[in-house]
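Examination of the molecular architecture
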Amino acid sequence: MVSEITENNFLNNLNESQQEATLYNEGASLIIAGAGSGKTRVLTYKIAYLLTTGIQPYRILALTFTNKAANEMKERIAQIVGKKITWMGTFHSVFSKILRQHAELIGFTPQFTIYDSSDSKSLVKNIIKTMNLDEKIYKPGNILSKISMLKNHLISPTAYEADYQNQQNDYLKKIPEFYNIYKQYVERCKHSNVMDFDDLLFNTNLLFSSFPDVLQQYQELFSFILIDEYQDTNYSQHLIVKALAAKHQKVCAVGDDAQSIYSFRGANIDNILTFQRDFPNCKLFKLEQNYRSTKNIVDAANSLIEKNNHQIRKTIFSENKRGNLIELINSYSDFDEAASISSKIRQILRLNDYNYSDFAVLYRTNSQSRVLEDAFRKNNIPYKIYGGISFYQRKEIKDILAYCRLTINKNDEEALRRIINYPARGIGDTTQIKLFNAAHSYGTSVFEVAETPTIFNVKINSGTQKKLLDFTKKIEEYTLFYQANDAYASVEKIIKESGIITDILTDDTPENISKKENIDEFLNMVYEFCDRKANEGESNISLTDFLAEVALFTDQDNENEEEQNKVTLMTVHAAKGLEFKNVFIAGLEEQLFPSALCQTPSELEEERRLLYVAITRAEDNCILSYAKSRFRNGQTQFSNPSRFIKDIDSQFLHQQQEYTTFYGRETTNTFKEYRSHTSKIISIHSPQKNIETTNSTPISTNNDEIQVGSKVIHALFGKGIVVDLEGHGDERKAKVEFQTRGTKQLLLKYAKLTITE
DNA sequence: TGACCGCGTCTTTTT
DNA sequence: GACGCGGTCA
């Protein structure tokens, strides 16, 4: 009865193609949903509709890209049909829950803890160090991303070793020891009863393939599966979906190939195409009407994305009003850019009925936020900032979490390493090395060795032994405590008794005060977590429950209430799925957007998609901006406008008159500095709409032109003469004798030398 | 053992 | 500019 009424009501809110996509539930379907085409709405209504057909809420599996998206969708579904679906969240959070249920089958305990990226990196570093390898050759970051890629393709160390080609390649790349690092990494994670982010997916696949009865249990449980943002899933995730839906084929993937921006994390745009192959009777729906943006914004975005070769062709259109042209601001410096954006925000606010929260400034890299923040503070523009150092990455929070982790999982090596001597308790490097060595040779945990060092033939003096015992006893005490108390009480006890709070309160430097505030905030979050769980009907919310989720939290997940009416600052990646009335995209320059690290055609296409995502966040106004010079990596660098600007059809663009943005003293300095450096460039730029990026003279000299004897200018060291050259490609170094700063070795990749004659 | 300093390195995006 | 590392000194 109730369901019929609601069903009729909510389906009226959908257009024809949205309705078709919502109502088709006989088999597999793929919904290609253009930006702003009401994708979330379709997904929400589809789930709501399924619930009205009698499917139980716990039998729907809905996978989203962020926890936040999941929570919002859950709430909306509850509003529409009054039912709460249980299995909804990110791949990582849903499958970590499932893994806990069956952890023992694959050699873990249900209390396994989760390594975040910095824990993983620290472990890799440690392995490299203990293997006596050179960190310059075996760069932990590179090694880790290679490991991550392998795991995302389900290539275990054993499988890696089995393929002779791999060793051959590593040998050629001069990292022959890679396999051993990978092997050790996996072994040590397992010994530590720990999974990293990729393991959550890898081990789910392992669980399903090794235990068909477990797989079958979930195949039967989930009678319908929906996945959002399919273009950003990786192979490992794709296989999980394939396995779970293999029997009933009731699966619906929603995505937009044009918005695929996570290939660096292993996401594969082709999963969308593979999806159709894996589910042969898959029905394809396209949502092409954009409800979000003005015609100009949609047309401009279309004209940009057309320049990509690799894409599913579709026609996104808008029936909204034409709207304003995309505006293009150019500035002399990043500093000016920030000032221009501030004054532009003020201007739009004056002329229209907007709030601060209707504005967002998007950028390619987090480091760009700094100048913007300064300008906003100066201009009294309230702002909130996402990204950068995550709350959970702050030292004081990680320290507390490490105590918590060790409390429930004594094998968690990175947690132990972090706190065994923090706060300082006289267990120094020498002792620690002895403990770790013994643990590895006896194949036991470091914690166990620390408890009873003599059993493992570790020779330490009685003083140190006493200190170790104090430490392990303390942790054991927390363990007993958490088993009988709730998460809040446990965390509170740990904060108070571990000595962390005492250490921070010893003196009241501003850093310590802020640390104290963060700790209070953290405790508050634990409280809210318990509160929320209690409201959801769970009792005995323990530290394990909290830890199981906290590792997968991100900053976006805990929006503050006070953050209401503020301008949003974030990276384009973080803006995925969001929309704002007015969007600024800052730093549209070569070397920055597209990033200097993206060189191959496919990488450049991803950068272009990234800009497409950025532009399509805008509802009413979209303003692009670039600066001629930018303070980066400790020095002023010059660059040309982004090639992507000329990818946008000029009929949708309005370029502000050149060089109108002068703000304050700093600008004048920058301007002078700029002129003195590049007196040529000023005349190159014609004040026309179309910007010629291809013909403008590059500001820094092509490195190949530099020879021994070349007279050069360096932005910081001034004039000099090249006296020696060595290396090739990115490694190419020049020895330069500067007139006033002596002789320096410079990596040409970074030095940006200019030949003067 | 810990605090501090100076040097060199490296700079993308994040579940 | 920020960070990590290694060396030095108390």
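Keep in mind the model is a prediction, meaning the values are calculated, not measured. (Residues numbered from 1 in each chain as written. Chains lettered and ligands numbered in written order. Predicted model: local features only at pLDDT ≥ 70, side-chain atom pairs only at ≥ 80, totals over all residues. Heavy atoms only, no water.)

1. Focus on the packing of helix α18 (residues 395-408) against helix α23 (residues 487-497)
- Interhelical geometry of α18 versus α23 gives an angle of 120 degrees and a closest axis separation of 10 Å. The chirality of how α18 crosses α23 is right-handed. For the pair α18 and α23, contact is made by Ile400, Tyr403, Cys404 and Thr407 and by Val491, Ile494 and Ile495, respectively.
- Classifying every residue of the contact of α18 with α23 by side-chain character gives six nonpolar, one polar and no charged. (Axes fitted to C-alpha atoms, helices over the stretch in contact; angles between N-to-C directions. Helix = DSSP H or I, 4+ residues; strand = E, 2+ residues; numbered from the N terminus. Left-handed = near helix turned anticlockwise from the far one by under 90°. Contact = heavy atoms within 4.5 Å. Nonpolar A, V, L, I, M, F, W, Y, C, P; charged D, E, K, R; others polar.)

2. What to know about the sheet that holds strand β1 (residues 29-33)
- Ordered in space as β3-β2-β6-β7-β1-β8, the six strands form an open sheet in which the pairing is parallel. Two strands bound the open sheet, and with one partner strand each, they are β3 (87-90) and β8 (283-287). Here the average twist between neighbouring strands, direction ignored, is 15 degrees.
- With four bridges connecting them, strand β2 (residues 60-64) and β3 associate as parallel partners. Each residue of the ladder has a partner; that of Thr64, found in β3, is Thr90.
- Contacting β2 and β3, helix α4 (residues 67-81) runs over the sheet at an angle of about 150 degrees to β3.
- Each of β2, β6 (224-227) and β7 (251-255) is contacted by helix α13 (residues 235-245), which is oriented at about 160 degrees to β6, the strand it contacts most. (Pairing = 2+ DSSP bridges.)

3. Some words on the side chain of Gln18
- Within the secondary structure layout, Gln18 lies in helix α2 (residues 16-23).
- In this structure the side chain of Gln18 is engaged in a polar contact, spanning 2.9 Å, whose partner is the backbone oxygen of Ser37.
- In this view, Gln18 contacts Asn13, Ser37, Gly38, Val42, Leu287 and Tyr291; residues no more than four positions away in its chain are not counted. (Polar contact = N/O pair within 3.5 Å; in protein donor to acceptor, adjacent residues only side chain to side chain.)

4. So, the nonpolar core
- Of all hydrophobic cores here, the largest spans 52 residues; its most connected members are Ile400, Leu416, Phe471, Ile475, Val491 and Phe522.
- In terms of residue count, α18 provides more of this core than any other element does, eight residues in total.
- Within the second largest apolar cluster, 41 residues are counted, among which are Ile114, Ile225, Ala245 and Phe275. (Core = buried A, V, L, I, M, F, W, Y, C linked by side-chain atoms within 4.5 Å. Buried < 20%, exposed > 50% of the residue type's maximum accessible area, 1.4 Å probe, protein only.)

5. Some remarks on the protein's contact with DNA strand C
- As a matter of local geometry, DNA strand C sits amid Lys125, Arg370, Phe631, Asn633 and Gly634.
- Near the protein, meaning within 4 Å, the atoms of DNA strand C are sugar or phosphate in a fraction of 56%, with bases accounting for the rest.
- Within the side chain of Arg370, a nitrogen or oxygen atom sits 2.9 Å from a phosphate oxygen of DNA strand C. (Near = heavy atom within 4 Å.)

6. Considerations on the packing of aromatic side chains
- Taken as a whole and judged by the stated rule, the model has 22 aromatic pairs.
- Look at Phe108 and Phe112: their rings are 6.3 Å apart centre to centre, the planes differ by 70 degrees, and that puts the pair in the edge-to-face class. Across the pair, exposure class does not vary: Phe108 and Phe112 are buried alike.
- On the basis of an interplanar angle of 40 degrees and a centroid distance of 6.2 Å, the ring pair of Phe208 and Tyr218 is categorised as tilted. In this pair, Phe208 is assigned in helix α11 (residues 197-210) and Tyr218 in helix α12 (residues 212-221), connecting sequence segments 10 residues apart.
- For Phe208, a relative accessible area of 4% gives the class buried.
- Each residue in the set Trp87, Phe208, Tyr218 and Phe222 is aromatic and connected to the rest through ring pairs, giving one cluster.
- The residue whose ring lies beneath Lys493 is Phe481, and the NZ or CZ to ring-centre distance is 4.8 Å.
- Over the ring of Phe65 we find Lys576; its NZ or CZ atom is 3.7 Å from the centre of that ring. (Phe/Tyr/Trp six-rings, centres within 6.5 Å; stacked < 30°, edge-to-face > 60°. Lys NZ or Arg CZ within 6 Å of the ring centre and 35° of its normal.)

7. Here's the deal with the pairing of strand β16 (residues 618-632)
- Buried residues dominate β16, accounting for 12 of its 15 residues.
- In the sheet, strand β11 (residues 326-333) pairs with β16 via six bridges, with the strands oriented parallel. Note on β16: the bridge partner recorded for Ser331 is Ala627.
- Note: strand β15 (residues 580-585) against β16, five bridges, orientation parallel. For Phe580, the partnering residue across the bridge sits in β16 and is Ala618.
- The hairpin turn running from β16 into strand β17 (residues 635-638), its antiparallel successor, is two residues long, and Asn633 in that turn takes a positive phi close to 50 degrees.

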